[in-house]
Amino acid sequence: MARVFAAVLAGALGVTLAACTPDAEPERRDPAVFAEIDVPPELAPQEAVVDQVGIVPAASGLPWIVSGVRTTPGGVPEGVVWTLGESGAVAGEPAVLDLPGVVRDLAAAGGAARTVLAGSTGEDGRTAGFLLTSADRVAWEPVRLPPEIVDVPLTHVAETGGTVVALGVDADARAVRGVLVPTSGDPVPLVLPDGAGEPTVEGVAGRGETWVAVVSWDDEVGDDVVVTYRSADSGTTWTTSDLPGDAPRVAGAATTATGFVLTGSVREAGLGGPVTDAAAWFWEPGDGDAWEYLDFRRDDAGTDDQSTGLSAPAVGGDDLAAVYWGDELSASSLVVEVEPGHIASQGMSDDNGGIGFGGPSAWDPDERAVRAVLAGDGGAYVTELRDGRWRRLATLAMPRRWFRPTEVDAGDGALVARRAEVSTAGDGWRRWVSSAVYTVDGRALVETSADVPWTGEDLALVRSVAGDGSEVTVTFGWEEGENAVTVRSWFRPAGGGWTEGSGWPSSGHAEIHDVRAVDGGWVAVGVRADSPEGASVRHAAAWRSEDGLVWTLDDGFEGGDGRSSARHVCLLADGRPWVLGTVVDGDREVDASWVGESTGWERAVIDAEEAFEVDGCVQGDGDARPLLQVQVDGRSELRGTTDGTSFELVGATGRGETFGRVVRVAEGYAAVGTVVASGVERSVLWLSADAEEWQQLVLPTPEPGGEGTVHPDGSDAVVTLAGEGGVRAWRVGDVAQLVDAG
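Residues numbered from 1 in each chain as written. Predicted model: local features only at pLDDT ≥ 70, side-chain atom pairs only at ≥ 80, totals over all residues. Heavy atoms only, no water.

J.: What is the right way to look at the overall build of the chain in this model?
T.: Looking only at helices and strands, the chain features one helix and 61 strands. Buried positions account for 55% of the 742 residues belonging to the chain. When the accessible area of the chain is evaluated, it comes to approximately 29,800 Å², of which 46% is carbon and sulfur surface. (Helix = DSSP H or I, 4+ residues; strand = E, 2+ residues; numbered from the N terminus. Buried < 20%, exposed > 50% of the residue type's maximum accessible area, 1.4 Å probe, protein only. Areas by Shrake-Rupley, 256 points an atom, 1.4 Å probe, with all protein chains shown as cover.)

J.: Sorry, what's going on with the state of the cysteines here?
T.: Put plainly, two cysteines are in a disulfide when a covalent bond ties their sulfur atoms together. In this structure the tally under the stated criterion is one disulfide. Between the sulfur atoms of Cys570 and its disulfide partner Cys617 the distance amounts to 2.3 Å. The sign of the 95 degrees torsion about the S-S bond sets the Cys570-Cys617 disulfide as right-handed. Highlighted residues: Cys570 in strand 46 (residues 565-571) and Cys617 in strand 50 (residues 613-618), separated in sequence by 47 residues. A relative accessible area of 0% means that Cys570 is categorised as buried. For Cys617, a relative accessible area of 15% corresponds to the buried category. (Disulfide = S-S within 2.5 Å.)

J.: So what exactly am I meant to see when it comes to the sheet that holds strand 61 (residues 726-732) here?
T.: Two strands in a sheet stick together by hydrogen bonds in their backbones, pointing the same way (parallel) or opposite ways (antiparallel). The sheet built from four strands is open, its strands ordered 3-61-60-59 with antiparallel pairing. The open sheet is flanked by strand 3 (34-37) and strand 59 (707-713), the only strands paired with a single partner. Looking at each pair of strands side by side, their axes are set apart by 25 degrees on average, direction ignored. Across four bridges, strand 3 lies against strand 61 in antiparallel orientation. The residue bridging Phe34 from the neighbouring strand is Val732, located in strand 61. (Pairing = 2+ DSSP bridges. Axes fitted to C-alpha atoms, helices over the stretch in contact; angles between N-to-C directions.)

J.: Honestly, the sheet that holds strand 6 (residues 78-83) in this entry has me stumped. Any pointers?
T.: Pairing is antiparallel in the open sheet, where four strands are placed in the order 4-5-6-7. Edge positions in the sheet fall to strand 4 (49-56) and strand 7 (95-96), since each has one partner strand and no second. Looking at chain direction, strand 6 and strand 7 are connected through two bridges and run antiparallel. Residue pairing across strands places Val80 opposite Val96, the latter belonging to strand 7.

J.: I'm lost on the packing of aromatic side chains in this one. Help?
T.: For any pair of aromatic rings, geometry is given as the distance between the ring centres together with the angle between the planes. For the coordinates displayed, the defined rule picks out 13 aromatic pairs. Measuring from ring centre to ring centre gives 6.0 Å for Trp281 and Tyr293, while their planes differ by 20 degrees; the resulting arrangement is stacked. In this pair, Trp281 is assigned in strand 22 (residues 274-283) and Tyr293 in strand 23 (residues 292-295), connecting sequence segments 12 residues apart. Its relative accessible area of 0% is what places Trp281 among the buried residues. Residue classification places Tyr293 among the partly exposed residues on the basis of a relative accessible area of 30%. Residues Phe403 and Tyr438 carry aromatic rings whose centres are separated by 5.2 Å and whose planes lie at 75 degrees to one another, so their mutual orientation is edge-to-face. Residue Phe403 is located in strand 34 (residues 402-411), and its partner Tyr438 is located in strand 36 (residues 428-441); the two are separated by 35 residues in the primary sequence. Pairwise contacts between aromatic rings join Phe260, Trp283 and Trp291 into one cluster. (Phe/Tyr/Trp six-rings, centres within 6.5 Å; stacked < 30°, edge-to-face > 60°.)

J.: Just to check I follow, could you spell out unusual backbone geometry for this structure?
T.: Comment: phi is negative for the bulk of residues other than glycine, and the bulk of peptide bonds are trans. One non-glycine residue, Gln52, lies in positive phi territory at about 55 degrees. With respect to the secondary-structure elements, Gln52 resides in strand 4. You will see that Ala666, though not glycine, has its phi angle at about 50 degrees, which is positive. Tracing the chain through its elements places Ala666 in the loop between strand 55 (663-665) and strand 56 (668-677). Residue Ala666 is classed as partly exposed on the basis of its relative accessible area of 32%.

J.: Sorry, what's going on with the pairing of strand 18 (residues 225-231) here?
T.: Burial analysis of strand 18 places six of its seven residues in the buried class, the great majority of the element. The pairing of strand 17 (residues 210-218) with strand 18 spans seven bridges and is classified as antiparallel. Looking across to strand 18, one finds that Val212 is bridged to Arg230. Note that strand 18 and strand 19 (residues 239-242) share four bridges and pair antiparallel. Within strand 19, the position partnered with Val227 by the bridge is Asp242.

J.: What is the right way to look at the pattern of salt bridges in this model?
T.: Opposite charge on two side chains makes pairing possible when the charged atoms of those side chains draw close. Evaluation of the coordinates by the stated rule reveals 23 salt bridges. For Glu471, the salt bridge identified is with Arg492, shortest N-O distance 3.0 Å. Placement of the pair is Glu471 in strand 39 (residues 471-478) and Arg492 in strand 40 (residues 485-492), with a sequence separation of 21 residues. Overall, Arg492 belongs to the buried group, its relative accessible area being 18%. Here Arg731 ties to Asp713 by a salt bridge, and the two come within 3.0 Å at their closest N and O atoms. Placement of the pair is Arg731 in strand 61 and Asp713 in strand 59, with a sequence separation of 18 residues. Overlapping salt bridges, with partners in common, bring together Arg371, Glu384 and Arg391 in one network. (Salt bridge = Lys/Arg side-chain N within 4 Å of Asp/Glu carboxyl O.)

J.: Sorry if this is basic, but what is going on with the confidence of the model for the chain here?
T.: Residues shown with low pLDDT carry predicted positions that ought not to be read at fine detail. Counting all residues, the mean pLDDT for the chain is 83, and 84% of those residues have values of 70 or more. Low pLDDT, under 50, characterises residues 1-24; the stretch is placed with 113 contacts to residues that sit more than four places away or in other chains. For the stretch residues 329-357, pLDDT sits under 50, and the model shows 84 contacts to residues farther than four places along the chain or on other chains. (pLDDT = per-residue confidence, 0-100. Contact = heavy atoms within 4.5 Å.)

J.: Even after reading the chapter, I still don't get the side chain of Ser688, so can you show me in this structure?
T.: Positionally, Ser688 belongs in strand 57 (residues 680-688). A distance of 3.2 Å separates a polar side-chain atom of Ser688 from the backbone nitrogen of Asp690. Discounting chain neighbours no more than four positions away, the residues touching Ser688 are Gly668, Tyr669, Glu693, Trp694 and Val739. (Polar contact = N/O pair within 3.5 Å; in protein donor to acceptor, adjacent residues only side chain to side chain.)

As structure tokens, this is what we get:
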């Protein structure tokens, strides 16, 4: 058959602290430890946020529906379902699902026989899966799940002929479990064969008694391994096979008229290193175990540094649809596989509805059109691609304003926050992002940006203070009236005023990710490129300044010929600058470090023997060595170093426990993180006197997770936690005494 793809390119005294014990549920703590800080109303969310979206097409008189997780201003995430009229417009207010606690996951599927919603909720820190079914898409009935999977968050669901399969990953992040709900009889628990590492479910689809599931396994070594699971007996037994293509990634699965299709991407060679290109795989029962591989490689692939891919597929009759995304692409098209491996375009359009992000889609076979529900910072919409052009059918959420504290300190408990404002006109919208300084005045967070030197939009900012009290601030972003990313810097001596620096690139592209005072001046690190577009490879770069005012590109700092970046800079105990970033090594990106020597920079790969994710470095002082902060095997580790290239373990969390950025507070260490144990997830404040033994305080918030920051204020700490419901902040007094109490 002809395979048709519709595409759009589009974070108190006298209490006892819990020690870090793996798999032990953190105890609740006296909330008096945390003095809540009022966040100004203008910084709270002003619009509802919608994500976790899904779309189910009309069938046998049943209407189109759209599902999603909606968070209203000041509220918690809830599951909702919109009904669409014949024109695609929303028919009234969405129905709110009767679910306990906070909704975390939501997926939808269905046909004429049954419609189903699967997901997970969190209440009092505990996660539970749920499954709801409906015969009319109005009334939803819960399915009693087998006891073996009641704590499994269900993330993917499929339906065929009234039979339903829902899958998720268990609380230990080691096994894929789920449930099969037949048209009659009790639900049956499912367990897929184990793989190596941590699994992530990527898709599930079924036709008759044949089911296909796709799981990627992360064993922390090399690329994730994508495994397809097939069952011909309704999940009683499963066989496995790999997918063709280099480092495949799968976004979803669907059934065709005769078999199954997967969509996603594969790795290809780009101008500066590995990139991804859109791909699809087909399999029909009776054709053996092999998947037919279709590469959507662009004609100009390999000549730029851009990645592309396909979102989850949707099927209507003989047609397939998937949202086609690209780093720099902004056109939409309809393409047809006219013969195996050959793709022909069916029209192009520069009109993508101002969306620029992907989402699930579904075919309307009667109208020869595809409808997609798209969600992101630009809002949430139902759109339709017809005759090669997109048009918006319904608005589910407006573009959102947001306020997020960053990890950048501004001194004495003050912090730098990024905030986004939005203006709308008709179907269009414009958002601008700026950075501002906020400090704690009594019990309130207030803006104190009158003394800051920067102006402009979309500014990212880094800052460093030297031992003598002088400081440097560097920004990069889109300056008013400029059609390029601009780097600017300012210096001020202790107690003095700001003076703007010079020496930054006047053309091309540059980003500054960190800055640090070093012996004899300052070092800033980031990336540079010949242009801001994907056709130019971005390389790791460092700049030096003796006085904080005049900056010079350090030509001796390099990351090789391929794509590279420099993200963090700290000082070794002997004062040498130590930089962390990434470089391309063969066909993969790896973590690397640079150490500043008298003769230049020495670069080394630091995860050659094992795979981990570098979070950054923690500055040492006195007898305390600087630390490498990494994520490995589901936990956080801190590793000490004296030379920037070899490391030994200093401290670690248990499995299921993580740190955010670790900072120095009152000669100790602190971080916001999460603890997941015995089915309970908590947001916690981690504290340690020596980075070896860690204790935890449970943050008093109904919405665990999110992005947290810690900002030292003398012996106290200002703690923030940002989630979809907004930002919460607290002051924690006398951190050193709290650690001693533990």
